Amino acid sequence: MTVLPIVISPDPRLKQRSEAVASITPDIIALVENMFDTMYASNGIGLAAVQVGVLKRVIVVDIEWHPRERHERTIAIRGNPIALINPEIVHSSEDERSHDEGCLSFPGHYSEVIRPDSITVRYQNLQGEECTLDATGLLSTCLQHEIDHMNGIVFVDHISRLKREFIMRKLIKAQKNATNLDS
Ligand SMILES: [Zn+2]
């Protein structure tokens, strides 16, 4: 089990477009496993590769996992883990839903984001097979959030400039404080 460090905003990598995965190599499979470990350890329901500093079109989601105490430590009981390679939204509903979104790259910050309620995503699984997934509700929101990451878009890009600037100021301040503590 490898929990990787998470890229925290503001970091220029979060604004970059990730590259398509040409083939599912053992490195990609290891990356996916480490991304699941990192996501569960960080209490997240989704993670994009860029958030662990890898600019590849790879995301993992599991909106149904839950923590359980076992032998005096907390482990993640997997619910419905899905790894998506080169995911692409091929259809979005007219209906929308609003969700109070957070992001592991924006620790402690949340904001309502309105997105299409249902989407259809085309992707490759870890066997390299072409798959299609119809998602609605929270899974749809989560997938759209992660697919945004691969295009250099973060959830605060969907909110008002005023709210976004407020969150960015707090993050810059937190980063400065952390640097001061380190030195
Ligand atoms: Zn995120």
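The shown structure was predicted, so the numbers you read here are calculated from the model rather than taken from an experiment.

Caption draft 1: Structural view of helix α2 (residues 137–150). With 14 residues, α2 ought to run about 20 Å at 1.5 Å a step, and its terminal C-alpha atoms sit 21 Å apart, in line with that. Once α2 ends, the next one or two residues include G152, with phi positive near 75°.

Caption draft 2: Up close: the coordination of the zinc ion. The coordination sphere of the zinc ion contains the protein donors C103 (SG), H145 (NE2) and H149 (NE2), at a distance range of 2.0 to 2.3 Å. Mapped onto the sequence, the residues coordinating the zinc ion show the spacing C-x41-H-x3-H. With C103 in the loop between β6 (96–101) and β7 (111–116) and H149 in helix α2, the pair connects residues that are 46 residues apart, well separated along the chain. With respect to class, C103 is no different from H149; both count as buried.

Caption draft 3: Spatial organisation of the side chain of N86. Among the secondary structure elements, N86 is positioned in strand β5 (residues 82–92). What makes N86 buried here is its relative accessible area of 16%. At 2.8 Å, the side chain of N86 forms a polar contact with the backbone nitrogen of V21. Apart from the residues lying within four places of it in its own chain, the contact partners of N86 are A20, V21, R57, R122, Y123 and Q124.

Caption draft 4: Looking closely at helix α1 (residues 26–41). Taking 1.5 Å of rise per residue, 16 residues should cover 22 Å, and α1 covers 23 Å from first to last C-alpha, within 8% of that figure. Taken together, the buried positions of α1 are occupied by I28, L31, V32, N34, M35, F36, D37, T38, M39 and Y40. Where the residues of α1 are buried, they touch β1 (46–48), β2 (58–61), β4 (73–77) and β5.

Caption draft 5: Focus on the side chain of S140. Among the structural elements, S140 can be located in helix α2. Judged by relative accessible area, which is 0%, S140 ranks as buried. Only 3.0 Å separates the side chain of S140 from the backbone oxygen of D117, close enough to count as a polar contact. Excluding residues within four positions of it along the chain, S140 makes contact with P116, D117, S118, I119 and A135.

Caption draft 6: Geometry of the sheet that holds β1. Within the open sheet, the 5 strands sit side by side as β1-β2-β5-β8-β9. Their pairing is antiparallel. With partners counted over all chains shown, the strands left at the sheet margins are β1 and β9 (130–136), one partner each. Strand-to-strand twist of the sheet, defined as the mean angle between neighbouring strand axes without regard to direction, takes the value 40°. In this structure, β1 lies alongside β2, joined through 3 bridges in antiparallel fashion.

Caption draft 7: Summary view of the pairing of strand β3 (residues 66–70). Bridge analysis of β3 against β4 gives 5 bridges, and the strand direction is antiparallel. Pairing of E69 across the sheet is with T74, part of β4. The turn joining β3 and β4, which pair antiparallel and follow one another in sequence, is formed by 2 residues; a positive phi near 50° is taken by H71.

About the cut-offs
Along each chain, numbering runs from 1 in the same order as the chain's sequence is written. Reporting in this predicted model follows two pLDDT cut-offs: at least 70 for local features of residues, and 80 or more for side-chain atom pairs to be given and counted; totals over whole chains, interfaces and linings ignore these cut-offs and use all residues. Working from all heavy atoms in the structure, the side-chain values ignore hydrogens and water. Strands here are runs of E lasting at least two residues and helices are runs of H or I lasting at least four, both read from the DSSP assignment and numbered beginning at the N terminus. A helix is expected to span 1.5 Å for every residue after the first. Listed donors are limited to N, O and S atoms within 2.8 Å of the metal, widened to 3.2 Å for Na, K and Ca; water is not among them, so incomplete-looking sites are possible. Think of it in three bands: with a 1.4 Å probe and only protein chains considered, a residue is buried below 20% of the maximum accessible area for its type, exposed above 50%, and partly exposed in between. Any pair of N or O atoms that falls within 3.5 Å is considered a polar contact. Within protein, one atom must be able to donate a hydrogen and the other to accept it, and sequence-neighbouring residues count only if both atoms are side-chain atoms. Any two residues whose heavy atoms approach within 4.5 Å are treated as being in contact. Here the rule is simple: two strands pair whenever DSSP picks up at least two bridges between them. Axis definition: a line fitted to C-alpha atoms, limited for helices to the stretch in contact. Angles are taken between N-to-C directions and run from 0 to 180 degrees.

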